[in-house]
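Below, each chain spelled out in residue letters.
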Amino acid sequence: MNFQPKASHFIDGQYVEDESGTPIEVIYPATGELIAKLHSATPQILEKALQSAQAAQKSWAALTGTERGRVLRRAADMIRAQNYDLSVIETHDTGKPIQETTVADANSGADALEYFGGLAGSLTGEHIPLGRGDFVYTIREALGLCVGIGAWNYPTLIACWKAAPALACGNTMVFKPSELTPLSVLKIAEILIEAGLPSGVFNVVQGYGDVGATLVTDPRVAKVSLTGSAATGRKVYAAAAAGMKHVTMELGGKSPLIIFDDADLDNAVSGAILGNFFSSGQVCSNGTRVFVQRGIKAAFLNRLKERLTTVQIGDPMDSKTNFGPLVSKRQLDIVESYIAKGIVEGARLVSGGKSLPGPGFYMEPTVFADVRDEMTIAIEEIFGPVMSVLDFESEEEVIVRANATDFGLAAGVFTNNLVRAHRVASKLQAGSCYINTYNMAPVEAPFGGSKLSGVGRENSKLAINHFSEMKSVYVSMNDVEAPY
Ligand code: NAD
């Protein structure tokens, strides 16, 4: 398959190139091979994208919600029909196994387009009676031109999670994917046009952080939605604040997964595996601090080790492979350095810990036991396949320790005690909590973080409020009383 796109950017319904932009080399993480060469957006390209998104916005917003929704739902159907081809691109962009991408990525993107396409026709304001016949009505208005900036772990999903609610509300978007994974979103832009989206409503520009930063500060931009690290989030949020722009920040995490001794052990082990090793650990909401009640520690670790012997690491295009490489050599180096720190700081390596000889950026699924709260691997987001297992005695103790983090993206609890499950979930400081499962992200449910993990929510009806604002119109049915 040829992964070289027709051009780097997709603006005003067409592929556009400007070869004077900084080169972006797309590397297949499984082999280290160069599979495509693109260029970062130049000021001329950015101007073209912003102008076309601005020009398209009023007429897009003037359509009925049902008309906008029809386009999004048609695009969802087309994405589903092309799921395998899109998954092959996603696998080459990210290195994630085809077994995963055919289920998780384009499918989740299609869900978002279908869900928000379905909602578009029912977006309304309200009527507020005020007495003496006076009333206020509210008009739900689009924000205008929105910017989406993506991380590299879920390029298709992130683009669709941002574009679907934005477009449903009548906004237009300029989207910049991560420089590491620029390919798949170009296909989404193509599909949207084929589905009937007017030119200029969804545009893709490529680039590094500087391109993102330029977009965020442009005065024409009304809203910025970022998925990325907390460090980038701080910069983007601050830059957006200068122009008083709306923001959604989907940032990193160091989420706790609490396993009580009355839990179903196999389910708990499955939850810990899903919450640490899916996408080779490159998932923001991963439950990387696994708190296991002391009584079941040995049984938990034994079962986990047994299960890990069946991992299929290898060629991501082989449908039997369920564990692929990390996205880049740089990410592999970062993960290796955390593993070295874990060992130096006294954690006990139970499983994995080694990178595989090249080519490709493979790291074994790694488990540390006897991890203590103050160790670096228990504090910092690693964004790789490294699980830290920590012991605990009591519910009170584990809640305090689970919450003792700057992040607040997700949290999970495994227990068969119904009352305890809900009590613990109510006390965990996290945007998404799971009881007896982990890392589910259906489009119907809000997703997002508290504390340093972010601001705002994606998915669900709540996302509508982050891509629209209410105008209130006071209507007087009476004479105006003035004091003089
Ligand atoms: P990153 O912060 O390095 O980059 C994210 C995006 O921001 C990229 O497109 C990058 O080019 C751009 N960028 C960098 N500097 C910028 C600046 N100053 N202004 C504007 N844009 C800028 O993150 P990453 O390494 O691509 O992704 C991994 C991180 O993303 C992890 O921390 C992970 O937890 C987080 N993440 C969060 C979610 C979520 O939904 N909460 C989902 C996936 C990933």
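Above this text sits the structure in question.
The structure reproduced in this document is the subject of the present report. (Residues numbered from 1 in each chain as written. Predicted model: local features only at pLDDT ≥ 70, side-chain atom pairs only at ≥ 80, totals over all residues. Heavy atoms only, no water.)

**Overview of the nonpolar core**
Formed by 96 residues in total, the largest nonpolar core has its most connected members in Phe202 and Phe300. Per element, the largest residue contribution to this core is ten residues, and it comes from helix H5 (residues 155-168). Filtering out sequence-adjacent residues up to four positions away, phenylalanine 300 remains in contact with Ile259, Leu265, Ala268, Val269, Ala272, Val290, Val292 and Val389. In this structure, Met363, Leu390, Phe392 and Val413 belong to the second largest nonpolar core, which totals 28 residues. (Core = buried A, V, L, I, M, F, W, Y, C linked by side-chain atoms within 4.5 Å. Buried < 20%, exposed > 50% of the residue type's maximum accessible area, 1.4 Å probe, protein only. Helix = DSSP H or I, 4+ residues; strand = E, 2+ residues; numbered from the N terminus. Contact = heavy atoms within 4.5 Å.)

**Some words on the site of the ligand**
Surveying the vicinity of the ligand reveals 28 residues, the closest of which are Gly150, Glu179, Ser229, Thr232 and Glu381. Contact between the ligand and glycine 150: an oxygen atom at 2.7 Å from a main-chain N or O atom of the residue. In the environment of the ligand, an oxygen atom lies 2.8 Å from a nitrogen or oxygen atom belonging to the side chain of tryptophan 152. Here the ligand loses 88% of its free accessible area of 850 Å² to cover by the protein chains. Counting residues per element, the ones that place at least two in the shell around the ligand are helix H7 (209-217), strand E10 (221-227) and helix H8 (230-242). (Near = heavy atom within 4 Å. Polar contact = N/O pair within 3.5 Å; in protein donor to acceptor, adjacent residues only side chain to side chain. Areas by Shrake-Rupley, 256 points an atom, 1.4 Å probe, with all protein chains shown as cover.)

**What about the environment of proline 446?**
Structurally, proline 446 is set in the loop between strand E19 (432-435) and strand E20 (450-451). Along the chain, proline 446 and glycine 431 lie 15 residues apart, while their C-alpha atoms are 8.2 Å from each other. Residues in contact with proline 446, not counting those within four places in the same chain, are Ser432, Arg457, Glu458, Asn459, Ser460 and Leu462.

**Comments concerning the packing of helix H2 (residues 65-81) against helix H4 (residues 98-120)**
Viewed as axis vectors pointing N to C, H2 and H4 meet at an angle of 160°, and their least axial separation amounts to 7 Å. Judged by the angle between their axes, H2 and H4 are roughly antiparallel. As for how H2 packs across H4, the hand of that crossing is left-handed. Between H2, through Gly65, Thr66, Gly69, Leu72, Arg73, Ala75, Ala76, Ile79 and Arg80, and H4, the contact on the second element is made entirely by Ala106, Asn107, Ala110, Asp111, Leu113, Glu114, Phe116, Gly117, Gly118 and Ala120. Grouping the amino acids of the contact of H2 with H4 by side-chain chemistry returns nine nonpolar, six polar and four charged. (Axes fitted to C-alpha atoms, helices over the stretch in contact; angles between N-to-C directions. Parallel < 35°, antiparallel > 145°, perpendicular 65-115°, else oblique. Left-handed = near helix turned anticlockwise from the far one by under 90°. Nonpolar A, V, L, I, M, F, W, Y, C, P; charged D, E, K, R; others polar.)

**Details of a nonpolar patch on the surface**
On the surface, a cluster of nonpolar side chains totalling about 240 Å² of accessible area is made up of Leu274, Phe278 and Met440. Of note, phenylalanine 278 is situated in the loop between helix H9 (265-277) and strand E13 (289-293). The exposure class of phenylalanine 278 is partly exposed, given its relative accessible area of 30%. (Patch = residues over 30% accessible without salt bridge, like charges linked within 9 Å, V, L, I, M, F, W, Y side chains within 5 Å. Salt bridge = Lys/Arg side-chain N within 4 Å of Asp/Glu carboxyl O.)

**Regarding the pairing of strand E12 (residues 256-259)**
Along E12, one buried face is formed by Pro256 and Ile258 and the opposite face, lined by Leu257 and Ile259, is buried too. Summarising the sheet, E12 and E13 pair through four bridges and their orientation is parallel. Among the inter-strand pairings, isoleucine 258 is bridged to a residue of E13, identified as phenylalanine 291. In the classification by handedness, the crossover that spans E12, the intervening H9 and the parallel E13 is right-handed. (Pairing = 2+ DSSP bridges. Right-handed = clockwise from strand over helix to strand, strands pointing away.)

**Some thoughts on the side chain of aspartate 391**
With respect to the helices and strands, the residue aspartate 391 is situated in strand E16 (residues 386-392). According to the relative accessible area criterion, aspartate 391 is buried, its value standing at 13%. Looking at aspartate 391, its side chain comes within polar contact range of the side chain of arginine 294, at 3.2 Å. Beyond its immediate chain neighbours, meaning those up to four positions away, aspartate 391 contacts Val292, Arg294, Lys297, Asp370, Glu397 and Arg401.

**Here we look at the sheet that holds strand E5 (residues 127-131)**
Strand order in the open sheet formed by three strands is E5-E6-E22, and the pairing between neighbours is antiparallel. The two strands at the open ends of the sheet, each matched to only one other strand, are E5 and strand E22 (468-475). Strand-to-strand, the axes of this sheet are offset by a mean angle of 25°, without reference to chain direction. Of the strand pairs in this sheet, E5 and strand E6 (residues 134-142) are connected by four bridges, and their pairing is antiparallel. Opposite proline 129, over in E6, you have phenylalanine 135 as the bridge partner.

**Points about unusual backbone geometry**
The omega torsion across glycine 358 and proline 359 is 0°, close enough to zero to call that bond cis. Along the polypeptide, proline 359 turns up in the loop between strand E14 (348-351) and strand E15 (366-369). Residues other than glycine seldom take positive phi values, yet aspartate 12 does so here, at roughly 55°. Looking at where aspartate 12 falls in the secondary structure, it is placed in the loop between strand E1 (9-11) and strand E2 (14-16). The phi dihedral of serine 279 is positive, around 55°, even though this residue is not glycine. Its place among the elements puts serine 279 in the loop between H9 and E13.

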